[in-house]
Amino acid sequence: MTGTVSEALRTDDPAEAIRAALARRRPRSGDRFGELTHYAMAVPGKLLRPLMLVASAEAVGGTAETALPAAVAVEHLHVASLVHDDIIDGDDLRRGRPSVHARYGVADAIVTGDALLFDLFASVAECAAPPRVVMAVVAEFAHAGGDLCRGQVLESTMVSPGATRPGSALEDYLDVAAAKTGALFRAACRAGALLGGGSAGQVDQLGDYGHHTGVAFQMQDDLLPYLGAGTSGKPDASDAANLRPTWPVLLAHREGRPEHRAAVETALSGALEPEETLELLRFAVTDSGALDEARRGARDRSRLALACLRGLPGAAATDRLAAIAEIAVDRDR
Ligand code: GRG
């Protein structure tokens, strides 16, 4: 372990320890492949999943040090999914700079995402835990990776050209949010609890916390294009350009007046340019009151997450998990 990582763990700054461990795994190397994977990982995001993993380990009485390689692993899985997602969505901006495919082309970006998935396994293999625990962590990530893929496919059935169904049930949306986003938050928390030596009940409890936090996080993510902050680091018009019936859009269609429903249907018909689509959705979402309702829905979810944290032995780590559930729905990036 580098000085930076162990120092950061001693000073109780998990984010710094995670950043240092990520940098250690990804030294800049001379060839193009090294450049690609370095580029994908070079600008850290909010690090929510690794932070939740480490906090979950500590919340059940384990150490950050044991959990750190798995925290690095979950960030690799997350970034791999972002790289592939940006290709699918045609998004040229990620974390405030050109996405991997925008900079290096689609073919190399696909391979970069694939390579990061193998780094996930290499990182998990470094966990200093009993083999059965390490295998259980591998199973959690494998499960979550499959869910992410399932969620992605499920979502595309909701937005296939000509088949966009703005009136599609909110349950469909929740299924997608649970699979595309909730599953990895859940796996991060379960993996941390397993590595921390938690009981089966604590692993489930933290997994439920992760699931609810992930769904709440996705709901808030869907609100960002309508908050006007422009700070998400990806294009505001991405969801609109991809004709995605997101959380506030579905609420505007369900709860709004006829003119709001008509606006949503026209916007999601695919007949408009992305910026016009976003403008029309912005009208429907704000004028119908759906934005406020969507915010309330996200906060309700966050409260469900908080309720899962009762009775865990590690008070400081539990406080950090509670703060993450709150930040998930109180952010503009
Ligand atoms: C390669 C595992 C794999 C999956 C392929 C593309 C795909 C199938 C799934 C898409 C999963 C995905 C990207 C869901 C969106 C989740 C989400 C809200 C991402 C944004 O997370 P933040 O805000 O990002 O935590 P930062 O940049 O802060 O890390």
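Sequence order sets the numbering: in each chain, residues are counted from 1 along the sequence as written. It should be noted that, the model being predicted, local features are given only for residues of pLDDT at least 70 and side-chain atom pairs only at 80 or more, the latter also being counted only at that level, while totals for whole chains, interfaces and linings use all residues. The side-chain values count all of the structure's non-hydrogen atoms but skip hydrogen atoms and water molecules.

The secondary structure listing takes helices from DSSP runs of H or I that are at least 4 residues long and strands from runs of E that are at least 2 residues long, numbered from the N terminus. The span you would expect from a helix comes to 1.5 Å times its residue count less one. Taking 1.5 Å of rise per residue, the 14 residues of helix α14 (residues 274-287) would be expected to cover 20 Å, and the 20 Å separating its terminal C-alpha atoms lies within 8% of that figure. When we look at burial in α14, the residues that qualify are Thr-277, Leu-278, Leu-281, Ala-284 and Val-285. On an axial view of α14, the arc spanned by its buried residues comes to 125°, and they lie on one face. Contact partners of the buried residues in α14: α11 (238-241), α12 (247-255), α13 (258-267) and α15 (290-307). Among the residues trailing α14, Gly-289 stands out with phi positive, at a value near 85°. Only protein chains enter the accessibility calculation, which uses a 1.4 Å probe; a residue whose area is less than 20% of its type maximum is buried, one above 50% is exposed, and one in between is partly exposed. Think of the arc as the fan of directions from the helix axis to the C-beta atoms. Contact definition: two residues touch when any of their heavy atoms are within 4.5 Å.

Moving on to the nonpolar core. Nonpolar cores are built from buried Ala, Val, Leu, Ile, Met, Phe, Trp, Tyr and Cys residues. Side-chain atoms within 4.5 Å join them into one set. Core analysis: the largest hydrophobic core is formed by 68 residues, its most contacted members being Ile-18, Leu-53, Val-100, Phe-141, Leu-206, Tyr-209 and Leu-321. Here this core takes 12 residues from helix α5 (residues 64-89), the largest share from any one element. Leu-251, Val-264, Leu-278 and Val-329 belong to the second-largest nonpolar core, a separate cluster that totals 29 residues.

Before going further, it helps to examine the site of the ligand. A cutoff of 4 Å decides nearness: a residue is near a molecule or strand if any of its heavy atoms lies inside that distance of it. Near the ligand, the surroundings consist of 19 residues, among which Lys-46, Arg-49, His-78, Arg-95 and Phe-217 are the closest. Two N or O atoms count as a polar contact when they lie within 3.5 Å, although within protein this holds only if one can serve as hydrogen donor and the other as acceptor, and sequence-adjacent residues are included solely when both atoms are side-chain atoms. Contacts to the ligand include His-78, whose side-chain N or O atom sits 2.8 Å from an oxygen atom. The contact in question runs from an oxygen atom of the ligand to an N or O atom on the side chain of Arg-95, over 2.7 Å. For the area figures, the Shrake-Rupley method with a 1.4 Å probe applies, and any residue is considered shielded solely by the protein chains shown. Contact with the protein chains removes 91% of the 760 Å² of surface that the ligand exposes when unbound. Where the shell around the ligand is concerned, the elements lending two or more residues are α5, α8 (131-159), α9 (170-195) and α10 (200-223). Counting residues per element, the shell around the ligand draws most heavily on α5, at 7 residues. Residues belonging to the shell around the ligand are distributed by class as follows: 6 nonpolar, 7 polar and 6 charged. Think of it as three bins: nonpolar holds Ala, Val, Leu, Ile, Met, Phe, Trp, Tyr, Cys and Pro, charged holds Asp, Glu, Lys and Arg, and polar takes everything else, Gly as well.

All right, on to the pattern of salt bridges then. For salt bridges, the criterion is a side-chain nitrogen of Lys or Arg within 4 Å of an Asp or Glu carboxyl oxygen. Taken as a whole and judged by the stated rule, the model has 23 salt bridges. Put simply, Asp-204 and Arg-190 hold a salt bridge, and the shortest N to O gap is 2.8 Å. With Asp-204 in helix α10 and Arg-190 in helix α9, this residue pair connects regions lying 14 residues apart in the sequence. Judged by its relative accessible area of 14%, Arg-190 is buried. Because the salt bridges share partners, they merge into one network encompassing Asp-85, Asp-89, Glu-155, Lys-180, Asp-239 and Arg-244.

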